[in-house]
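# Coordinates in review
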Amino acid sequence: MTNEDVKKLSGEFIANTYSRFDVAIESGKGVFCKDFDGKEYIDFTSGIGVNSLGFCDNKWIDAIARQARTLNHTSNLYYTLPGARLAEKLCLRTGMKKVFFSNSGAEANECAIKAARKYSFDKYGADRYEIITLQNSFHGRTIATLSATGQSVFHKFFDPFVEGFVYAKANDTEDLLSKITDKTCAIMLEVIQGEGGVLELMPGFLDEIAEVAQKKDILIIADEVQTGIGRCGTLFGYQGFQFVPNILSCAKGLAGGLPLGATLFDEKTADVLSPGSHATTFGANPIVCSAAEAVLDRLNQELLLDIMQKGIYMRVEIAKMPHVISVNGQGLMIGVEMDIDNKVVAQKCIQAGLLVLTAKDKLRLLPPLTITIEEARAGLDILNKVLSDM
Ligand SMILES: *Cc1c(COP(=O)(O)O)cnc(C)c1O
């Protein structure tokens, strides 16, 4: 099999929803992977922030294999241990009280939206259902999470969208406060907008809206699908700010390369979802939860500090490179603004053996959290060469 063979087979049978690079990845270990033509790459993408421990980490494999031999799946009609243990770990490290497990970021957000509306319904009745989200946000591809996504490019083809979402400008307190009405039940945000181009929310903005929200009993939902699980150098991105969300969603990096979403609830919202109000067949799958435990166990204070330091190192080095206008982000979530076409840069990086992502008109880097400084330097050397030759 060659790259071309895999591309041809996919073209024939896989729905044509992705524009892909001309590469088919065959295998990987750590920060390195290999395509079907035998070419090697350094990975600055982790999937899209999914492979927290890189490709095929040994302890992660052991956790999965052990659980696969013990119990692969039952259903949520019975109790199972890995999900309960994982939920305990997530709660202990955030102060949140309860967890609902699903299978993706969109589902974790869907659950957050349902819970926010039900919290308000239970307490205030039927008409308080509006959720304020931010312009340029990204919350997923289901109809409700697309409706929550504050980008009009996503609001076509699939009408009618879900009612009850109102969009406010990010980092504009006045605009957001002007959108609050008697119907508002929640504000949903990413502390760093990932797909929107690695754009950070300002601490002042977050503190101000969190204060008003608390006074009016409006819930804050943090979509930490991309910023969570150590990506920003804290277990969750909000932990680098003053505010604490009422509901938190995460997914991508949670199980280190297997599909798992989680919605975390604080004291206020812990008991909103009751038997029958929400469910999913695969939720808290034992194998996937064991994989996530392996990720969380690795993400101790030492690794979190290391992520912060590696992130600073990478941003400083990138800022010195030709064509770079600005570098931002936190930890190992890095956005690079350039004066040249980001798609061309990404293409050339891949040809030169470095996998990178784009977001809007930026280059986006989400390397594995376990990358070493030497590996980061090797990848940065490739990026520097690509930029120098343009
Ligand atoms: C990727 C992403 C989602 C959607 O996650 P899926 O697993 O693709 O459904 C939602 N929110 C944010 C912030 C994301 O980055």
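These numbers come from a predicted model, not from an experiment.

Here we come to empty space enclosed by the protein. Taken as a whole and assessed by the stated rule, the structure comprises one cavity of 30 Å³ or more. Looking at the largest cavity, its volume works out to about 60 Å³. Lining the largest cavity are His73, Thr74, Ser75, Asn76, Tyr78, Thr80, Thr281, Gly283, Ala284, Asn285 and Pro286.

If you check the shell around the ligand, you find Ser104, Gly105, Ala106, Asn109, Phe138, His139, Gly140, Glu190, Asp223, Val225, Gln226 and Lys252 and nothing else. Within the backbone of alanine 106, an N or O atom sits 2.8 Å from an oxygen atom of the ligand. Side-chain polar atom of aspartate 223 to a nitrogen atom of the ligand: 2.8 Å apart, as the coordinates give it. Protein coverage of the free-state accessible area of the ligand, which is 380 Å², stands at 82%.

This part covers the packing of helix H3 (residues 58–70) against helix H9 (residues 286–298). Look at H3 against H9: their axes get within 8 Å of each other, and the N-to-C directions meet at 150 degrees. Compared by their axis directions, H3 and H9 come out roughly antiparallel. By crossing handedness, the relation of H3 to H9 is classed as right-handed. From H3, Lys59, Trp60, Ala63, Ile64, Gln67 and Ala68 reach across to H9, where they touch Pro286, Ile287, Ser290, Ala291, Ala294, Val295 and Arg298.

This paragraph deals with the environment of glutamine 67. Locating glutamine 67 in the fold gives a position in helix H3. For glutamine 67, a relative accessible area of 11% puts it in the buried group. Separated by 224 residues in the primary sequence, glutamine 67 and alanine 291 place their C-alpha atoms 8.9 Å from one another. In this structure, glutamine 67 is in contact with Asn72, Pro82, Pro286, Ile287 and Ser290, ignoring residues within four places of it in sequence.

How each quantity is defined
Residues numbered from 1 in each chain as written. Predicted model: local features only at pLDDT ≥ 70, side-chain atom pairs only at ≥ 80, totals over all residues. Heavy atoms only, no water. 1 Å grid on protein atoms, 1.4 Å probe; cavity = no way out; pocket = protein on both sides within 12 Å on 5 of 7 lines; lining within 4 Å. Points joined across faces, edges and corners; volume = space filled by probe spheres on them. Near = heavy atom within 4 Å. Polar contact = N/O pair within 3.5 Å; in protein donor to acceptor, adjacent residues only side chain to side chain. Areas by Shrake-Rupley, 256 points an atom, 1.4 Å probe, with all protein chains shown as cover. Axes fitted to C-alpha atoms, helices over the stretch in contact; angles between N-to-C directions. Helix = DSSP H or I, 4+ residues; strand = E, 2+ residues; numbered from the N terminus. Parallel < 35°, antiparallel > 145°, perpendicular 65-115°, else oblique. Left-handed = near helix turned anticlockwise from the far one by under 90°. Contact = heavy atoms within 4.5 Å. Buried < 20%, exposed > 50% of the residue type's maximum accessible area, 1.4 Å probe, protein only.

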